[in-house]
Every structure is written in C-alpha cells, then in structure tokens.
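Residues per chain are reported as follows:
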Amino acid sequence: PPPLPPLPLLPLLLVLLVLPLGRVTPCSPQPNVTRFVCTEPTLSTFPSGLPPTTVAISVEFTALAVLSPTALAGLPQLQELHLSSNHLTTLPDTLLHPVPTLRVLDLTNNLLVDLPATTFTSTHHLQHLVLRENRLRVLRPTWFQHLLQLRWLDLAANTLTEVPPEVLHPLSSLHSLDLSHNLLVSLAPAALAGLRALERLDLSGNQLVTLPPATFTPVPALRHLFLQDNELRVLPHDIFVPLGHLDVLDLARNHLQTLELPPRPPGPALDLDISGNPWVCGCQLLARLREVAPQLSATRDTLCANPPRYRGQEVAAVSQAGDTGC
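What counts as what
- Residues numbered from 1 in each chain as written.
- Predicted model: local features only at pLDDT ≥ 70, side-chain atom pairs only at ≥ 80, totals over all residues.
- Heavy atoms only, no water.
- Helix = DSSP H or I, 4+ residues; strand = E, 2+ residues; numbered from the N terminus.
- Polar contact = N/O pair within 3.5 Å; in protein donor to acceptor, adjacent residues only side chain to side chain.
- Contact = heavy atoms within 4.5 Å.
- pLDDT = per-residue confidence, 0-100.
- Phe/Tyr/Trp six-rings, centres within 6.5 Å; stacked < 30°, edge-to-face > 60°.
- Buried < 20%, exposed > 50% of the residue type's maximum accessible area, 1.4 Å probe, protein only.
- Disulfide = S-S within 2.5 Å.

Colleague: Would you explain the side chain of Thr 119 in this entry?
Modeller: Positionally, Thr 119 belongs in the loop between strand 4 (104-106) and strand 5 (128-130). Reaching out from Thr 119, the side chain makes a polar contact with the backbone oxygen of Pro 116 at a distance of 2.7 Å. Residue contacts for Thr 119: discarding those within four places in its chain leaves Leu 91, Asp 93 and Leu 96.

As structure tokens, then:
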C-alpha cells in the first residue's frame, strides 16, 4: 500500500503548546523580597508563603473575592496593604490583627457593604485608610475608636446617607476627609466634632440642601472645602466665620442666591468657585465680594439671575463696575 502522508507540522506544534505543563500559580512570592505586587486578573486566592520581612503588599485588579482570617499571619513588619479593584464583599474580623504596624490600607473599588466592628482594633498606627468606591451604607463608631494616628480617610463614592454625630470624634490627627459622591442629604451638628487637625474636607456630589450653623466650628484648621454639586439653597449666616485659614472654597453648581464667605485670609486671596448658582446681585453679595476680594474661578459661568437689570451678566463684572447704587 502507498505510504501515509506525513502529519502537518504546525497543528502538531499547536497541540504541544496547549498541553498543560504542570500547574502554575500566578504571582508566586519570591524569597527575601520586601515588596510584593500582583495584578494577575485570574488570581482568586490570596498568595501564601510571603517572607516575614514583607513591608508592602499590592494585590490589585484580580478576581480575589474572599480573604482568609490568617491571610496576613506571619507578616509582623507589614506597613502597606493595597487591595483595590478586587471583588471583596467583607473582611474577616481578625484579618488585620497580625499586622499592628500597618500604616496604609487601600480597599478602593471593591464590593464592601459592611465591615466587622473589630476590623481596626489593632491597627493603632494606621495613617491612610481608603474605602472609596464600595457599597458602604453606614459608618460604625467602633471602626474609628483606635485610629488616633489616622491622617487620611477616603469614604467617597459609597452609599452613605448620614455621618452619625461624633462617629469621627477619635480622629484627632485627621488632615483629609473625603465624603464626596455619597447620598448625604444633611449633616448632623456634631458630624465633624473632634477633627481639630482637619485641613481638607470634600462633601461634593451629595444631596445637601443646607448645613447646621455650627458645622465648621470644630474644624478651625480647614484650608480646602469642597461643597460643589449639591442641592444647597441657603447657608446659615456666618457659617464660614470659624474658617480663618481657608484657601479654597468651592460652592459651584448649587442653588444659592446669597453668599456667605469666610473672613479675608491674611495671605493670598481665597480661591473661590461660585459658578452655576442663580445669584441675586444685590448690595449684600457685591459688598461681600469687595470685602473678601476672592480670586474667582469660572467667572464666565458665575452669572447674576436677579435683579432683572443684571440678569445674565457676570457677577465679577457687576461687582467691579461699582455703579450699583449700593
């Protein structure tokens, strides 16, 4: 019989390439490495066997959905833990207990709905806590009781409807607080109590209609305040008077007609954005602008809605004209 034709070489090579050559674990730890990074999309189990000298772990953009209570055991020197863009829905209550030296915890863009009450009881040295882009609905007082060294707290883009009175009170070292893009309709009068070191506060992108008169009394060190993209219609008289160090104030895209401003700072002019509001360009508004002399941002979108003779004109231009009859 005639000889059989030879097998095509290319399909044979393809078969060999797809044959499993043994189980390969993505992101295997290396000995004597202090920083571990893994961004393998298929990873579903937290890596084990990390050396005890590890000081920083980044496991991000993976399929990780569950953490073992002992995932961080044997890592007594860990200072940074980055777990952003995974699929975590909660954390084991004792997860952080073996890492008392932890200073940075980033849980951005997970599916966290809640955290155990005891999550942070042993992380006394934590300085940066990022919980943005999750599904948190409530803030639990027990989370913050032991975080006396926390300087940065990011709670943006969750579904928080309130900041319970004094829940943040233990955070006496906090410099930056981001509560933007939540579902806040109001703030409790003591929401910021205890935050005497706070320098940056972001409340933008909520549904705030007004604020309590003494909202900012507990935070006299504040330098940057962001209130844009809310539903603010009126602000209490002198609400910003306690803020003698304010450098930046953003009130853009609300429904304000009258303006409250902090005292004129001793240094550079206040950076002020009041665009996208229906301003009444009367004597009170124009006098406040001349008194504080801020540096106005987005002047083309900062327009008078009333009185009719100024409707559609830029607030800055009317203020500078001086012939207002006031």
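Colleague: Can you walk me through the confidence of the model for the protein in this structure?
Modeller: Detailed conclusions should not be drawn from predicted coordinates in areas where pLDDT is low. When the pLDDT values of the protein are averaged, the result is 91; 91% of them are 70 or greater. Here residues 10-24 is modelled with pLDDT under 50, and outside its nearest four sequence neighbours on either side it reaches zero contacts, counting other chains as well.

Colleague: So what exactly am I meant to see when it comes to the packing of aromatic side chains here?
Modeller: Two aromatic rings, taken as a pair, are described by how far apart their centres are and by the angle between their planes. A complete count under the given rule lists two aromatic pairs for this structure. An angle of 70° between the planes, with centres 6.1 Å apart, marks the rings of Trp 143 and Phe 144 as edge-to-face. Each member of the pair, Trp 143 together with Phe 144, is buried. Ring centres 5.8 Å apart and planes at 25° place the aromatic pair Phe 216 and Phe 240 in the stacked group. You can see Phe 216 sitting in the loop between strand 8 (200-202) and strand 9 (224-226) and its partner Phe 240 sitting in the loop between strand 9 and strand 10 (248-250), a full 24 residues away along the chain. Each member of the pair Phe 216 and Phe 240 is classed as buried.

Colleague: What should I look at first to understand the state of the cysteines in this one?
Modeller: Structurally, a disulfide amounts to a covalent bond that connects the sulfur atoms of two cysteines. Applying the stated criterion across every chain yields a total of two disulfides. Across a sulfur-sulfur distance of 2.0 Å, Cys 27 and Cys 38 are joined as a disulfide pair. Where Cys 27 bonds to Cys 38 through sulfur, the torsion about that S-S bond is close to 75°, and the disulfide is right-handed. One end of the pair, Cys 27, is in the loop between helix 1 (9-18) and strand 1 (35-38); the other, Cys 38, is in strand 1, and 11 residues separate them in sequence. Under the relative-accessibility criterion, Cys 38 is labelled buried at 1%. A sulfur-sulfur separation of 1.9 Å characterises the disulfide bridge that pairs Cys 281 with Cys 304. Judged by the sign of its S-S torsion, about -95°, the cystine formed by Cys 281 and Cys 304 is left-handed. On the criterion of sequence distance, the pair formed by Cys 281 in the loop between strand 12 (279-280) and helix 3 (283-292) and Cys 304 in strand 14 (residues 304-306) is long-range, its members being 23 residues apart.

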